[in-house]
Every structure is written in C-alpha cells, then in structure tokens.
Amino acid sequence: MGLALLGSTALTTVTVQAADKEISWIYCGDTIDPVHTKYIKQWEEKNTGWKIAPEVVGWAQCQDKATTLAAAGTPVAMAYVGSRTLKEFAQNDLIVPVPMTDDEKKTYYPHIVDTVTFEGSQWGVPIAFSTKALYWNKDLFKQAGLDPETPPKTWAEEIEMAKTIKEKTGIPGFGLSAKTFDNTMHQFMHWVYTNNGAVIDADGKVTLDSPEILAALKAYKDIVPYSEEGPTAYEQNEVRAIFLDGKVAMIQAGSGAADRLKKTKISWGITTLPLGPDAKGPGTLLITDSLAIFKGSGVEDKATEFAKFITSPDVQSEYELQGGAGLTPLRPSAKVDEFVAKDPYWKPLIDGISYGGPEPLFTDYKGFQNSMIEMIQSVVTGKAEPEAALKKAAGEVEAFK
C-alpha cells in the first residue's frame, strides 16, 4: 500500500515538472495560417518547457473577447488586435509597452512604427499590414473609348473617367464603399492620405475639418453618380466581388484582389491611388494589426519574446507574401524585391507607403469610426452637403480623443 502511494506521488511530481508554461494567444480568423503553425512548432522546440496555445476566434468577436478577458482580470498573454485599439488598451492599463530599438524601427517601411506608437512608446508588434492601390478594368476602358493602358493619375481624371465609362457603357465607373462597416471609413481615409490630409495631429488636436479633407469629401460626392447603385449596401469585399465579375471599372483594393484577378479572364491593371490637388506624392491609409501583450498574465516577457520571433523578417515575409490574404509587406527586403520583380502588382501597393498615414488613434475608436461612417453616408446619400457633414463629424469626434 505504502509503495503504491509513493509511486503515485512520484508520478505526480514528474507530471508537474514536465508541464509546459503556456502563452495563450487569441488568434483572429477562421484557421491558423500554416506558416504560423510551422514557426510555433519551431519556437517551442527551441524553448523547452514553453507552449504556445492559440485560440482561433472569428474576426467579429476576437477583439471583444481579448478586451473582456483583460477587463475581468483574466487576460490572455497575447492577442491579435487592430493597432487602432492600442491607445485605448494602454490608457486602461491593460497592456504592457513593447519598446523597439532604433535598429528594429529602421527595418520597417516608413510610418509603420507610428501605427503602434502612443506617447512615445510602442504598444504592439505589427503582424499584418495592408495598403490599397487602384485597379482598373482595361476592357471597360476600351469599350468606353478610353486608353486601356492609361489609368487616372488625379481625382479629377478618376471622376471624369468614371463618368465616361458609366455614360458610354452603362457600367459603373467606380466601386464606392459606404456600408455601415469599418472599411467604409478606411476607404475614405485613402482619399484623405492622397490629399495630404490628417484627422488628428501629433499633439492630439482634431484636424478633421480642414480644406484637404473637405476636398476629399466633395470628390466622394462627385463620384457617386458614376458608382454602383446604392453604395450604402456595399463594403469593400462586396465591391471587389462586383469588379471580379467585370461589373465595375475601378476599385481601391489590396493585394488580395490581384491574387483573385489572376484566376479570371479580365484584362486589368494596377497603379497607385489617384492624387488630390494638395497631394505631395502617392499615399494610402496604412492599416496594421498587431500582437498586444496583456498585463497580468505572468508571462509578459516570454510572450514579448515570442511576438518578436513570430513577426521577425524571415517568418513575416513568408506569411505576408502568400498573396491571398491581401497583405502588404511590413519591411523592405531582398525577398520583397524578388516578388516585385516577379509580380509587378506589388509595386503600387508599396509605393503608396511613402506619403501614407496611420489609422487615427482615438481612445474611443468605435465612437470615432461611427461618426466618420455617418458623415460619409450622409454625403453619399445626399442627406447632407460635405461642409455641414464635415463640421458635424469634427465636433463629435472631439469627445472620442
């Protein structure tokens, strides 16, 4: 009896010693990317006694789940979040800073680090990045009597070409996103950053009601008659689907559209987004998602170490250059140069970075986003004039800083 008891105690001790320390990770999406699966295994092999425990949560719920757990005092070690939420997490003392060295910062394309920086500290490790470029259907340009090899370079040309296409072919010239959906604001921000505009400055002053942004909102209004009917019913992926069906002539989209277009018979082109009158050069909204390290998990340091590994240059380029996910590379590299040489569609997506800008950081990001969507919809539907809509939104977003 005594011997049996001793054996059972010894076995328990061995089990406890062998148990891995766990880094829980809320992973947004439907499945874990095979590239991440491969490198999780590699990291675990090199870090004996540690285990990465990803929990796959759908895009619509993953951020709320991470927030709820942290607010309840039972945080996960790490979560995939939109970088726009980092300010709110930081101000609520839910995450720890993840400082970058100057050498680390230099590895990224310009402005990427700005998307995770608040009050001089970095609060997340960028893991996904997207930019947009203009895609055009060469066949529809030709049908409308336009040169299929000459896309618009300015907003004025874009509106004029959209008008010609609609009048000559009956097919919408431009795909406009105005649904009650987050990317409606994103799509508009591409116009803001192709006209040297900014919603909030480095000192936290709201600069939404500016001539540059008013010009963007007026251009939005001007292109509505030549866009698909009822833009408030469409978000960007639905607009992309119409383009892939040959039923709209121009759209703003990421690398995922190029990957899908290769499987169609459409003759298409891609170029940097057309420029507004005050543009200094090619721009785009720079959207990043990041790995946030939550406070109170007890494994903050090791989670930070893993976050930096899973986003390190070699791992990251393998993940983002697959094409279908719609990502843009976070860092320049020889591998990126190789991809650009092989598939020129990458170039305009990268060229827009130079004058691009980050998602504006607000403490109440959802409140800010909702005001922006309401502003865009009121202009697109003709319920408000651009000047009045912009002034109203600028007043509202003051409260969300």
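It should be emphasised that the depicted structure is a prediction, and the values quoted were computed from it without experimental measurement.

Enquirer: Looking at this model, I keep getting lost on helix α13 (residues 313-320). Mind explaining?
Expert: Along an α-helix, residues three or four apart share an orientation, since each turn contains 3.6 residues. Looking at α13, one finds that the buried residues are Val315, Gln316, Ser317, Tyr319 and Glu320. On its buried face, α13 is in contact with α2 (34-46), β3 (78-82), β6 (125-130), α12 (300-310), α14 (334-342) and α15 (346-351).

Enquirer: What's the story with the packing of helix α9 (residues 211-223) against helix α16 (residues 365-380) in this structure? I'm lost.
Expert: Helix-helix packing is characterised by the crossing angle of the two axes and by the distance between the axes. In the contact formed by α9 and α16, the axes pass within 9 Å of each other and the chain directions differ by 45°. Taken together, α9 and α16 sit at an angle that is classed as oblique. In the crossing of α9 with α16, the sense of the turn from one axis to the other is right-handed. From α9, Leu217, Tyr220 and Lys221 reach across to α16, where they touch Met375, Ile376, Val379 and Val380. Its residues assigned to classes, the contact of α9 with α16 shows 6 nonpolar, no polar and 1 charged.

Enquirer: Sorry, what's going on with the packing of aromatic side chains here?
Expert: What characterises a pair of aromatic rings is the spacing of the ring centres plus the angle enclosed by the ring planes. Across all of its chains, the model carries 16 aromatic pairs by this definition. Ring geometry for Trp136 versus Phe141: centroids 6.5 Å apart, planes at 50°, classification tilted. Relative to Phe309, the ring of Phe306 lies with its centre 6.5 Å away and its plane at 40°, an arrangement referred to as tilted. Placement of both Phe306 and Phe309 in helix α12 is noted, with a separation of 3 residues, approximately one turn of the helix. Both residues of the pair, Phe306 and Phe309, count as buried. The cationic tip of Arg331 hangs over the ring face of Tyr108; the distance from NZ or CZ to the ring centre is 4.5 Å. The residue whose ring lies beneath Lys342 is Phe339, and the NZ or CZ to ring-centre distance is 5.0 Å.

Enquirer: Can you walk me through the layout of surface pockets in this structure?
Expert: Left-over empty space is what a probe sized like a water molecule reveals as it rolls over the atoms. Approximately 500 Å³ is the volume found for the second largest pocket. Among the elements of the structure, α4 (86-91), β4 (117-118) and β11 (357-358) are those that each provide at least two residues to the lining of the second largest pocket. Broken down by class, the residue content of the lining of the second largest pocket amounts to 9 nonpolar, 4 polar and 6 charged. There are two domains that each give the lining of the second largest pocket at least three residues, and those are domain 1 (19-129 + 285-356) and domain 2 (131-282 + 361-396).

Enquirer: Explanation requested: the pattern of salt bridges in the structure shown.
Expert: Two side chains carrying opposite charge are able to pair once their charged atoms lie near each other. All told, the structure shown has 22 salt bridges when counted by the stated rule. For Lys366, the salt bridge is made with Asp64, and the minimal N-O distance between the two is 3.7 Å. One end of the pair, Lys366, is in helix α16; the other, Asp64, is in helix α3 (residues 59-71), and 302 residues separate them in sequence. Lys401 is the partner of Glu398 in a salt bridge, and the nearest nitrogen-oxygen pair spans 3.3 Å. The class of Lys401 is partly exposed, set by a relative accessible area of 35%. Among the charged side chains, a network of salt bridges with common partners joins Arg84, Asp182 and Glu359.

Enquirer: It is not clear to me how the packing of helix α7 (residues 155-169) against α9 should be interpreted in this structure. Could you clarify?
Expert: Across the interface, α7 lies against α9 with an axial gap of 10 Å and an inter-helix angle of 10°. By the angle between their axes, α7 is roughly parallel relative to α9. In this structure, α7 contributes Trp155, Glu158, Ile159 and Ala162 to the contact, and α9 contributes Ala215, Ala216, Ala219, Asp222 and Ile223. For the contact of α7 with α9, the residue count by class is 7 nonpolar, no polar and 2 charged.

Enquirer: I tried to follow α9 on my own but got confused; where do I start?
Expert: With 13 residues, α9 should cover 18 Å at 1.5 Å per step; its first-to-last C-alpha distance of 18 Å lies within 8% of that length. All buried positions along α9 are accounted for by Ile213, Leu214, Ala216, Leu217, Ala219, Tyr220 and Ile223.

Enquirer: Sorry if this is basic, but what is going on with the sheet that holds strand β9 (residues 268-271) here?
Expert: Within a sheet, adjacent strands bond to each other through the backbone by hydrogen bonds, running parallel or antiparallel. The 3 strands are arranged β8-β7-β9 in an open sheet whose pairing can be described as antiparallel. Edge positions in the sheet fall to β8 (250-253) and β9, since each of these pairs with one other strand and no more. Neighbouring strand axes in the sheet, compared pairwise and without regard to direction, differ in orientation by 25° on average. In terms of strand pairing, strand β7 (residues 133-137) meets β9 through 4 bridges, oriented antiparallel. The residue of β9 that forms the bridge with Asn137 is Trp268.

The rules behind the values
- Residues numbered from 1 in each chain as written.
- Predicted model: local features only at pLDDT ≥ 70, side-chain atom pairs only at ≥ 80, totals over all residues.
- Heavy atoms only, no water.
- Buried < 20%, exposed > 50% of the residue type's maximum accessible area, 1.4 Å probe, protein only.
- Helix = DSSP H or I, 4+ residues; strand = E, 2+ residues; numbered from the N terminus.
- Contact = heavy atoms within 4.5 Å.
- Axes fitted to C-alpha atoms, helices over the stretch in contact; angles between N-to-C directions.
- Parallel < 35°, antiparallel > 145°, perpendicular 65-115°, else oblique.
- Left-handed = near helix turned anticlockwise from the far one by under 90°.
- Nonpolar A, V, L, I, M, F, W, Y, C, P; charged D, E, K, R; others polar.
- Phe/Tyr/Trp six-rings, centres within 6.5 Å; stacked < 30°, edge-to-face > 60°.
- Lys NZ or Arg CZ within 6 Å of the ring centre and 35° of its normal.
- 1 Å grid on protein atoms, 1.4 Å probe; cavity = no way out; pocket = protein on both sides within 12 Å on 5 of 7 lines; lining within 4 Å.
- Points joined across faces, edges and corners; volume = space filled by probe spheres on them.
- Domains from an automatic or database assignment.
- Salt bridge = Lys/Arg side-chain N within 4 Å of Asp/Glu carboxyl O.
- Expected span 1.5 Å × (residues − 1).
- Pairing = 2+ DSSP bridges.

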